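In case you want the letters, here they are:
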Amino acid sequence: PLHALTENALAYSLTTEALKVYGKAGAKKRNEPERVFVASYESLMAMEKSYLFDVYKQLEIDSNFSPQFKDENERFIGKADQKPHNHNRIDADEGKLEPIFTREGTLRNNRPHHPDAHMIKEISAHSLHQKQHAKKKLPPPPKELPSPKERLLPKKVITVFGPESSGTTFLATTLGVASGAFGTDGGWEYVLAPGKGRNKGPQYKWAHLDNVAKRAMTPDGELEIQHLSLPWGWMCGDPPLADVAIVDALVPDECFRYERDPSLDFHYAESIWFMQHRQKKRLAQARMKRPNTNQHHRALLEVNDRDRVDYPNGKTKYMNKTEVARLQGICRDEVRISGLNEVDSHWTCGAKCGKNEFDGFALYPQRFSVNITAHIEWYLTRGVDISVVLSLRDRSISYKSKFHGHCPLERESRREDAIALNLMKEAIEKYGAKGSRCGSLPGDVSGRQRAFSVSYEGMVGMKEVYLKGLYKQLGIESTYIPSFADGNTKYVGDANQNAGNEGFFSQLQQLWTSTTMPDVKSLDNSHVNVLPKRVISVVGADRSSTLFLSAALAAATGCSHTGGESSQHAVSEDDAFEIQYMPLPWDHSCEVNSALSEVSVRNADDTQILLDSIAPVQCFSPSDVSILQKCKHDASISQEVFEEVSSRQQAEDMVSLLPNRYFVNVTSHIEWYLSRDIDISVVLVMRDTSISKKEWISCGISSTLVDASFEKSMGLMKEAFVAYGMHGSRVPKVGTEHVLIVSYEGLMEMKDSYLYEIYNELGIDSTFLPSFTDGNAKYIKEPPPKKH
C-alpha cells in the first residue's frame, strides 16, 4: 500500500506538470497547439458514445467506432461508511481473523502478518458467524494477573504447520478449543503494549484473541497448541529479503526475541512496528493530498502527533529487571538456550543464540519459516512429547488466497510456498508413518509417528467424522465440533479448456487399462484362487480421482488390469493381491449417468441402488462353471447368485449381474472380506467437493442427481471410517484399522512424499511414481471482488 500511494502521487505530479505546460492554458501562453487533453473514465461510463466521439474530435480522429461500455467501478461501490474514523474491521478468510487493535485494552490478534488490516472494511461472505461474533461483547478479562512461571516447557506440544492460507488458523484454533487450551469465545493474553497518549510509556494489558494466533496452553501448563504458518511473522517484502529465513524451532515466548530489537519484549516490538508502518502510510497519504510544502509540513506534524511511538528509554526500564533475569536463567537452564550452544553442538537455540546480556534468548528474524524436522527434534531432545499437524489445501487455491491476503508479491509468494512444501515433505518422510527417524533419538522412546497430514478438503467434506479421527490420532479427548464453512467455493469456476488437462479423466482411464491380464478363459482354472490374500479397495465419490490412486497402487504392487474398460479390478499374477477401483457410485459411462438424470427427478431410488460388497475379480463375472463352484465353496457366494450366473453361462449370456449404476456399502464390504479371513484395506479419497461436483455435471448429470449421489457417498464413507478407521468402534486395537483417508490435493501438492506415505500405511514396498497432473487447476479462478 505504501508503494502504491507513492507511485500514485508521482503519477499525479507528472500528469499535472504536463497539463500545465502543454494543456489548453499552457499552449495558449506558448502560442502552440494544445497537446495534452483530460479525459474522465467516469464520464465515459456515464455519457458513453457522446463523450467518446468528443474525444475523437479533439484528437482529430474520424471514426464512428464505439466499444462496449462496462463500468468496472460498480463492484467497488458500497454503502456509505457512517464511521469513517473507525478502522476496527475484520477480514475473515477460512476462519481467520486478521491482527488488528480494537478498543483500549484489547488486541484482536498479536500476529503481525497484516499491519494494514485496520484499513480493511469487508467481511467474506462465508464468515457471517464471525461477523456476529465480532459484535458480541467480549468476555471480561481475568481478574488476577498471571502467576510467575517456574517451568517453561510443557509436557506435550501439538504444532500446526502449513503454507499461508492453507487453513492453519482454523485448525489450530479448533485443536486449541478441543484440548482446553483456548476458549470457545476466545482467549486472553497479558502483553506489553504501547500506552495511550503521547507521554505514557509501555503498559501491560490484557489482550483478547479470537483465534490461536501463535500458541495457547492449557491452564495446568501440560499441553501447548502452536500455530505456525510457513512463513510466520511480518509482511513479505518489507524489508526485501534475499532469501526466506529458516530457523530450527519455535521456543517458549519467554525466550523469544526479535533480532532487530532484542532488548524489547516481542509483543511490544510488534506493536511499535505496526504503528510505525501506519505512520508511514498516513504520511504518504498526506503527501498526496497536500503537495504544497507548508501544508505538507503541517500534515506531517499531524501524523506524528497522532501516531507518535517512542522506544522506551533504557533496554529494560519498563520491565522488572529481576524477573527478566530470572526468566533468562530458566531459558538457559531448562530450555537449554545459550550462546554456549555454538560450542556444544548437542543443543541448539531454535534460532540465533543471544550473547552477552541477551544470553538465554533466541533471536528471530521478522519473517521466518521453521524447519519442521528440526522443530520435532528440538522438543524431543528436551523430553517434550511432540506431534506436528501438516495442513494441506489445494495448492492453486492456497496460493491465490495467500496472494490476495498475505503476500501480493508473486515471486516471493511462490518461493515461500516452495520452501514450505519442501519442509513439510522432509517431516513426512522422517517422522510420518514408519518415518526413517521415528525412534532414533534418545528422547523418543515410543518411536511413534510424529507428523500427521490433514486435508483441508477432507475436513470440510467429512466434517465431524474427519475431525474426531484427528483428535484420536493426537490423543485429544473432546466432542467439540466447530462450524464448517468451505473457503474453497469462491475459487472454483467452470473448467478452463485452455488449462492443458481437459482430458484428465480419459488419461486416468488409459493409465488404469494400460496393462491387461490374459483372458481368464485361457488360464488353468483348476489352480485359480478365487479369494486373494490381500485386498486394497480405493473408494471415493465419483470423479474424486479414485482412478488415479487405483492405477498408482496397481503399478506399485505389480497388479495388472483384468481387461475391459468397465472392470474394477487389478490383480497380481498369482491372484494373491487385488486392487479394487470403487467410485461411489460406480457407473460405466457418462451416457449412463445422463440417462439416469432424467429418471432421478421422477424416482431417486432407481439411481441409488446399494450393494453389500464387490466380490473378488474371479467371482465378479465368472467365465467357467468350475470357477463358479469355487466362488460358491471358497467365497461362500449364495446359491441364488450361483444358479442365476450358471443359467446365464449355459445361455452364453455373459452380461454382468450388476446394474449399470450402483453404490457399495463400504462397511459391509470390509466385513464381507474380514469374515473370509482376507486382509483388506480401504482407502477413502477426498477431493474438493465443488470440483468433484463440477466434474459430474460436466458429464451431463443433473445437479439434483449430483447432490443426492454425493450425499449418499459421503454417508457411506463416514460410516466406514467411524467403524474401521483410526480408533474405530469396530477396531480391536490401534494398528489394526482398515480405513485410511487420503487427500487428492495432498497428492498433487506433496507428490512423491505423500504417495510414499500412503505406501507405508498400506505396507507396500515400492518406489513407483506416476506423473502428477493436477486435475483441479483448470477449475481454479480468481475470487470475486470484495464488496466495499
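Worth saying up front: this structure is predicted, and the values here are computed from it rather than measured. Throughout this document, residue positions are counted from 1 along each chain, in the order its sequence is written. The model is predicted, so local features are restricted to residues of pLDDT at least 70 and side-chain atom pairs to those at 80 or more, both for listing and for counting; the totals for chains, interfaces and linings are taken over all residues. Hydrogen atoms and water are omitted, and side-chain values are computed over all heavy atoms in the structure.

Quick word on the packing of aromatic side chains
The relative placement of two aromatic rings is captured by the distance of their centres and the angle of their planes.
Here comes step 1: Two rings from Phe, Tyr or Trp (for Trp, the six-membered ring) form a pair when their centres are within 6.5 Å of each other. A pair whose planes differ by under 30 degrees is stacked, one over 60 is edge-to-face, and the rest are tilted. Overall, the coordinates contain 16 aromatic pairs when judged by the stated rule.
Here comes step 2: Residues Tyr190 and Trp206 carry aromatic rings whose centres are separated by 5.0 Å and whose planes lie at 55° to one another, so their mutual orientation is tilted. Placement of Tyr190 in strand E2 (residues 187–193) and of Trp206 in strand E3 (residues 203–209) is noted, with a sequence separation of 16 residues between them.
Here comes step 3: Relative accessibility decides the category of a residue: with a 1.4 Å probe and only protein chains considered, values under 20% of the type maximum give buried, values over 50% give exposed, and everything between is partly exposed. Judged by relative accessible area, Trp206 falls into the buried class, the value being 17%.
Here comes step 4: In this structure, Lys214 packs its charged tip against the face of Phe256, placed 3.6 Å from the ring centre. Each helix is a run of H or I in the DSSP string that is no shorter than four residues. Each strand is a run of E no shorter than two, and both are numbered from the N terminus. Over a ring means this: the NZ of a Lys or the CZ of an Arg is within 6 Å of the ring centre and within 35 degrees of the ring normal.

Some thoughts on helix H25 (residues 752–762)
Here comes step 1: Turning to H25, its buried residues number three or more, namely Ser753, Tyr754, Leu755, Glu757, Ile758, Tyr759 and Leu762.
Here comes step 2: Gly763 sits one or two positions beyond H25 and adopts a positive phi of about 70°.

Structural notes on the confidence of the model for the protein
Here comes step 1: Residue-level pLDDT values for the protein average 76, and 71% of them are 70 or greater.
Here comes step 2: Model confidence for the protein, summarised as mean pLDDT per element, is weakest for helix H5 (residues 128–135) at 43 and strongest for strand E1 (residues 156–163) at 96.
Here comes step 3: Predictor confidence is given residue by residue as pLDDT, running from a minimum of 0 to a maximum of 100. Throughout, a contact is declared for two residues whenever any of their heavy atoms are within 4.5 Å. Overall, residues 299–317 carries pLDDT values under 50, and its contacts beyond four positions in sequence, including any with other chains, amount to 32 contacts.
Here comes step 4: Taken together, the stretch residues 515–526 has pLDDT below 50 and engages in 21 contacts with residues farther than four places along the chain or on a different chain.

Quick word on the sheet that holds strand E6 (residues 232–233)
Here comes step 1: Two strands qualify as a pair provided DSSP detects at least 2 bridges between them. The strand order E6-E11-E7 describes an open sheet built from 3 strands, whose pairing is mixed. Of all strands in the sheet, those with a lone pairing partner are E6 and strand E7 (245–247), marking the two edges.
Here comes step 2: Here E6 pairs with strand E11 (residues 367–370) via 2 bridges, running antiparallel. Across the sheet, Trp232 pairs through a bridge with Phe368, a residue of E11.

Some remarks on the nonpolar core
Proteins that are soluble and globular tend to have nonpolar side chains buried together.
Here comes step 1: Nonpolar cores are built from buried Ala, Val, Leu, Ile, Met, Phe, Trp, Tyr and Cys residues. Side-chain atoms within 4.5 Å join them into one set. Counting residues in each nonpolar core, the largest one holds 82 residues, and the members touching the most others are Tyr364, Ile372, Ile536, Leu549, Leu553, Leu747 and Ile758.
Here comes step 2: Looking at which element gives the most residues to this core, the answer is helix H12 (residues 410–431), with 8 residues.
Here comes step 3: Apart from residues lying up to four places away in sequence, Tyr364 is in contact with Val247, Ala249, Leu250, Val251, Phe256, Arg257, Tyr258, Glu259, Gly350 and Ala351.
Here comes step 4: Counting 70 residues, the second largest nonpolar core, distinct from the first, contains Leu470, Val535, Tyr581 and Ile741.

Things to note about the packing of helix H10 (residues 372–380) against H12
Here comes step 1: Fitted lines through C-alpha atoms serve as axes, helices being fitted only where they are in contact, and the angles separating the N-to-C directions of these axes extend from 0 to 180 degrees. Running from amino to carboxyl end, H10 crosses H12 at an angle of 50°, the nearest separation of the two axes being 7 Å. With respect to H12, the element H10 is oriented oblique. From H10, Ile372, Thr373, Ile376, Glu377 and Leu380 reach across to H12, where they touch Leu423, Met424, Glu426, Ala427, Lys430 and Tyr431.
Here comes step 2: Residue polarity is assigned by list, with Asp, Glu, Lys and Arg as charged and Ala, Val, Leu, Ile, Met, Phe, Trp, Tyr, Cys and Pro as nonpolar; anything else, Gly included, falls into the polar class. When its residues are assigned to classes, the contact of H10 with H12 shows 7 nonpolar, 1 polar and 3 charged. An angle below 35 degrees is treated as roughly parallel, one above 145 as roughly antiparallel, one from 65 to 115 as roughly perpendicular, and anything else as oblique.

Some details on the sheet that holds strand E22 (residues 739–743)
Here comes step 1: Ordered by their spatial adjacency, 6 strands build an open sheet running E15-E16-E17-E14-E21-E22, and the pairing between neighbours is mixed. On the outer flanks of this sheet lie strand E15 (560–561) and E22, each paired with one strand and no other.
Here comes step 2: Pairing between strand E21 (residues 679–686) and E22: 5 bridges, direction parallel. Following the sheet pairing, Met686 is matched in E22 by Ser743.

Re unusual backbone geometry
Here comes step 1: Cis peptide bonds are those with omega within 30 degrees of zero, and the linkage from Leu230 to Pro231 qualifies with 0°.
Here comes step 2: Leu584 connects to Pro585 through a cis peptide bond whose omega is 0°.
Here comes step 3: Mapped onto the elements of the fold, Pro585 is located in the loop between strand E17 (577–584) and strand E18 (586–587).
Here comes step 4: For Glu60, which is not glycine, the phi dihedral falls at a positive 60°.
Here comes step 5: Positionally, Glu60 belongs in the loop between helix H4 (49–58) and H5.
Here comes step 6: The backbone of Lys434 sits at a positive phi, close to 55°, despite the residue not being glycine.
Here comes step 7: Structurally, the position occupied by Lys434 is in the loop between H12 and strand E13 (451–455).
Here comes step 8: On the accessibility criterion, Lys434 (66% relative accessible area) is exposed.

Describing the state of the cysteines
Here comes step 1: Two cysteine sulfur atoms form a disulfide, by the criterion used here, when they sit within 2.5 Å. On inspection of all chains with the given rule, the structure shows 3 disulfides.
Here comes step 2: The side chain of Cys236 participates in a disulfide bridge whose partner is Cys407; the two sulfur atoms lie 2.0 Å from each other. The sign of the 105° torsion about the S-S bond sets the Cys236-Cys407 disulfide as right-handed. With a gap of 171 residues between them, Cys236 in the loop between E6 and E7 and Cys407 in the loop between helix H11 (395–405) and H12 connect regions that are remote in the sequence.
Here comes step 3: Here Cys255 is linked by a disulfide to Cys331, with a sulfur-sulfur distance of 2.0 Å. Negative torsions about the S-S bond denote left-handed disulfides, and the value of about -95° found for Cys255 with Cys331 makes this one left-handed.

Looking at the packing of helix H21 (residues 666–674) against helix H23 (residues 703–724)
Here comes step 1: Contact pair H21 / H23: the axes reach a minimum separation of 7 Å and the direction vectors enclose 45°. Judged by the angle between their axes, H21 and H23 are oblique. For the pair H21 and H23, the contacting residues are Val666, Thr667, Ile670, Glu671 and Leu674 in the first and Leu716, Glu719, Ala720, Ala723 and Tyr724 in the second.
Here comes step 2: Looking at the contact of H21 with H23 residue by residue, the classes come out as 7 nonpolar, 1 polar and 2 charged.

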